[in-house]
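# Notes for the structure review
Chain by chain, the residues:
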Amino acid sequence: FLALLATGASASPTAALQPEELTGSACKDDAWTRTVAAGHDAGEPINEVDVVVSFCNHDLAWLHEYIEGLRDLGAPVRNVTIYSKCGAVAPMAKSGSAWSQTVVELPNVGRCDHTYAYHMAEKFRDLADATIFIKDSYDPNSPQADRVADGLDAPRKVDYTWEHLKRDGVT
């Protein structure tokens, strides 16, 4: 790679690599489009659902409606944990909500992946039957709306998430 830079050649170490032709049955089944969690039994009820939000600076006005949408579909949401990573004040749950809400402040490191790993490590012995991890930018009206319009980063609808979670144990 350094020799390429010294000669003025392309700085990309992969510029000369070409994708190999994919062979075998792995690409011919639905493993690439559908994943089922190991050990998941679609007939087993999900008795509790937690929602984890990685929050920095996007508006969370959509969150209450999202949680209510899950509950309307039968998801037994027990807790919403908002991890505030940028010092922003997280909105409080509306009074009378059927779920509890926790707000935890974390340093702004590692993006949302850090948040999700932190939650799993901290709650390892008290994880719900299902946990939905979501970014504060879920809202299609967020500044990422141009990526959504281009077919990238499209947020999944509540019913899609719940149905696939029940069926496959993961989505």
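The present account deals with the structure reproduced in this document. (Residues numbered from 1 in each chain as written. Predicted model: local features only at pLDDT ≥ 70, side-chain atom pairs only at ≥ 80, totals over all residues. Heavy atoms only, no water.)

### Brief notes about the sheet that holds strand S4 (residues 130–135)
Taken together, the four strands give an open sheet; going across it, the order is S3-S2-S1-S4, and neighbouring strands pair in parallel fashion. Each edge of the open sheet is held by one strand with a lone partner, namely strand S3 (100–105) and S4. The sheet shows a mean angle of 20 degrees between the axes of neighbouring strands, direction not considered. Sheet topology note: the strand S1 (residues 49–55)/S4 ladder contains six bridges and is parallel. Counterpart to Asp50 in the pairing with S4 is Thr131. Running at roughly 155 degrees to strand S2 (residues 77–84), helix H2 (residues 63–72) makes contact with S1, S2 and S4 of the sheet. (Pairing = 2+ DSSP bridges. Helix = DSSP H or I, 4+ residues; strand = E, 2+ residues; numbered from the N terminus. Axes fitted to C-alpha atoms, helices over the stretch in contact; angles between N-to-C directions. Contact = heavy atoms within 4.5 Å.)

### Considerations on the packing of aromatic side chains
For the structure on display, the rule yields three aromatic pairs. Seen in terms of ring centroids, Tyr83 and Tyr118 are 5.7 Å apart; in terms of plane orientation they differ by 80 degrees. Their pairing is edge-to-face. With Tyr83 in strand S2 and Tyr118 in helix H3 (residues 111–122), the pair connects residues that are 35 residues apart, well separated along the chain. With relative accessibility at 28%, the residue Tyr118 sits in the partly exposed group. Between the aromatic rings of Tyr116 and Phe133, the centroid separation amounts to 4.9 Å while the plane-to-plane angle is 50 degrees, which identifies the pairing as tilted. Pair noted here: Tyr116 is in helix H3 and Phe133 is in strand S4, with a separation of 17 residues, a long-range link. (Phe/Tyr/Trp six-rings, centres within 6.5 Å; stacked < 30°, edge-to-face > 60°. Buried < 20%, exposed > 50% of the residue type's maximum accessible area, 1.4 Å probe, protein only.)

### Quick look at the state of the cysteines
As enumerated under the stated definition, the model contains one disulfide in all. The disulfide bridge from Cys56 ends at Cys86, spanning 1.8 Å between sulfur atoms. The sign of the -90 degrees torsion about the S-S bond sets the Cys56-Cys86 disulfide as left-handed. Taken together, the residues Cys56 in the loop between S1 and H2 and Cys86 in the loop between S2 and S3 connect sequence positions 30 residues apart. Residue Cys56 is classed as partly exposed on the basis of its relative accessible area, which comes to 21%. (Disulfide = S-S within 2.5 Å.)

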